[in-house]
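Okay, here's what each chain looks like letter by letter:
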Amino acid sequence: MPINVNNPEADALTRKFAEMAGVGITDAIVIAMREAIERRNRAETPLQTAARLREKHGVAMSDDARKPLPREAFDEMWDDA
């Protein structure tokens, strides 16, 4: 199935990448998309990032820390009294 790109920036970036990689435009798109997908698949989720940072700084999650705060705690943050 053909891809039709009508965006000057996309065209310029694709051509620049193709030149850098020494490949044609079609191969440049395939390479770039594979690399982008691989990068996204390797990226940490927010939960993984939080776990890594807790471990790095020696922070343990207690059962109490896992419980959501009551509504009153949020209300107090916005109380102007």
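Above this note sits the structure.
Analysis parameters
- Residues numbered from 1 in each chain as written.
- Predicted model: local features only at pLDDT ≥ 70, side-chain atom pairs only at ≥ 80, totals over all residues.
- Heavy atoms only, no water.
- Salt bridge = Lys/Arg side-chain N within 4 Å of Asp/Glu carboxyl O.
- Buried < 20%, exposed > 50% of the residue type's maximum accessible area, 1.4 Å probe, protein only.
- Helix = DSSP H or I, 4+ residues; strand = E, 2+ residues; numbered from the N terminus.
- Axes fitted to C-alpha atoms, helices over the stretch in contact; angles between N-to-C directions.
- Parallel < 35°, antiparallel > 145°, perpendicular 65-115°, else oblique.
- Contact = heavy atoms within 4.5 Å.
- Nonpolar A, V, L, I, M, F, W, Y, C, P; charged D, E, K, R; others polar.
- 1 Å grid on protein atoms, 1.4 Å probe; cavity = no way out; pocket = protein on both sides within 12 Å on 5 of 7 lines; lining within 4 Å.
- Points joined across faces, edges and corners; volume = space filled by probe spheres on them.

## What about the pattern of salt bridges?
Side-chain pairs of opposite charge can arise whenever the charged atoms involved come near each other. Here the structure, examined in full by the defined rule, presents five salt bridges. Linking Glu44 and Arg52 is a salt bridge whose minimum nitrogen-to-oxygen distance equals 2.7 Å. Owing to a relative accessible area of 38%, Glu44 belongs among the partly exposed residues under this scheme. Taking the relative accessible area as the measure of exposure, Arg52 reaches 42% and is therefore partly exposed. When the shortest N-O distance is used, the salt bridge between Arg71 and Asp75 registers 3.7 Å. Separated by four residues within a single helix, Arg71 and Asp75 lie in helix α5 (residues 71–77), roughly one turn from each other. Accessibility expressed as a relative area gives 63% for Arg71, which makes it exposed. Relative accessible area serves as the criterion here: at 42%, Asp75 is assigned to the partly exposed category.

## With respect to the packing of helix α1 (residues 8–21) against helix α2 (residues 25–42)
Following both chains from N to C, one finds α1 and α2 inclined at 95 degrees, their axes separated by 9 Å at the closest point. Compared by their axis directions, α1 and α2 come out roughly perpendicular. Residues Thr14, Arg15, Phe17 and Ala18 of α1 touch α2, and the partners they reach there are Ile25, Ala28, Ile29, Ile31, Ala32 and Glu35. When its residues are assigned to classes, the contact of α1 with α2 shows seven nonpolar, one polar and two charged.

## Re the environment of Ala43
Its place among the elements puts Ala43 in the loop between α2 and α3 (46–57). For Ala43 and Met1, which are 42 residues apart along the polypeptide, the C-alpha to C-alpha distance reads 30 Å.

## What about the layout of surface pockets?
Reported here for the largest pocket is a volume of approximately 240 Å³. Around the largest pocket, the lining residues are Ile3, Val5, Ala10, Asp11, Thr14, Ile25, Thr26, Ile29 and Val30. Within the residue set of the lining of the largest pocket, elements represented by two or more residues are α1 and α2. Grouping the constituent residues of the lining of the largest pocket by class yields six nonpolar, two polar and one charged.

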